[in-house]
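Architecture and fold: a report
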Amino acid sequence: MESVFVSNPLILLGFIVSLALCGFGLVKKTHFCVTVVSALIFVATATYALLKGAGLYEVGIVAAAFFAINLLPLWKKGGR
C-alpha cells in the first residue's frame, strides 16, 4: 500500500510549507499572524489529505511534529 503523501505532492508541499512557516515564526520572533497562517495551512492540508485517503496515523505523525514545534516557546519560557 502506497502512502498518499508520496503519490500527491500537493499534500507533502502543504505540510512542508506549514512546518517551515512555523519554524520561521520561532526563529524570527514574528507575531501571531505567521503562526495563524501556518496553522490554517496545516489544517487545510490535513483535511485535504484525509479526504484523499491518507491514514490517520500518517496525519497524526505530522500533527504531533507540528504541535511539538509550536510548543517550543512555552518550554523555553518555563511554562509561563
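First, a word on what this report is: a plain description of the structure on this page. (Residues numbered from 1 in each chain as written. Predicted model: local features only at pLDDT ≥ 70, side-chain atom pairs only at ≥ 80, totals over all residues. Heavy atoms only, no water.)

This next bit is on the packing of aromatic side chains. On inspection of all chains with the given rule, the structure shows five aromatic pairs. Where Phe15 meets Phe42, the ring centres are 5.6 Å apart and the plane angle is 50 degrees; that geometry is what we call tilted. Of this pair, Phe15 sits in helix α2 (residues 9–27) while Phe42 sits in helix α3 (residues 32–52), and the two are 27 residues apart along the sequence. The burial state of Phe15 is the same as that of Phe42; both residues are buried. Among the aromatic residues, ring-to-ring pairing joins Phe5, Phe15, Phe42, Phe66 and Phe67 into one connected group. (Phe/Tyr/Trp six-rings, centres within 6.5 Å; stacked < 30°, edge-to-face > 60°. Helix = DSSP H or I, 4+ residues; strand = E, 2+ residues; numbered from the N terminus. Buried < 20%, exposed > 50% of the residue type's maximum accessible area, 1.4 Å probe, protein only.)

Glancing now at a nonpolar patch on the surface. Taken together, the side chains of Phe32, Val36 and Leu40 define a hydrophobic patch exposed on the protein surface, amounting to about 320 Å² of accessible area. Secondary-structure assignment places Phe32 in helix α3. (Patch = residues over 30% accessible without salt bridge, like charges linked within 9 Å, V, L, I, M, F, W, Y side chains within 5 Å. Areas by Shrake-Rupley, 256 points an atom, 1.4 Å probe, with all protein chains shown as cover. Salt bridge = Lys/Arg side-chain N within 4 Å of Asp/Glu carboxyl O.)

This brings us to α2. Helix length check: α2, at 19 residues, gives a terminal C-alpha distance of 26 Å against a target of 27 Å (1.5 Å per residue), a fit within 8%. For α2, every residue scored as buried is listed here: Ile11, Gly14, Phe15, Ser18, Cys22 and Gly25. Each buried residue of α2 sits inside an arc of 95 degrees when the element is viewed along its axis, so together they form one side. Those residues of α2 that are exposed and aimed more than 90 degrees away from the buried face are Pro9 and Val27. Looking one or two places after α2, you find Lys29, whose phi comes out positive at around 55 degrees. (Expected span 1.5 Å × (residues − 1). Arc of directions from axis to C-beta.)

Coordinates in, geometry out; function isn't part of it.
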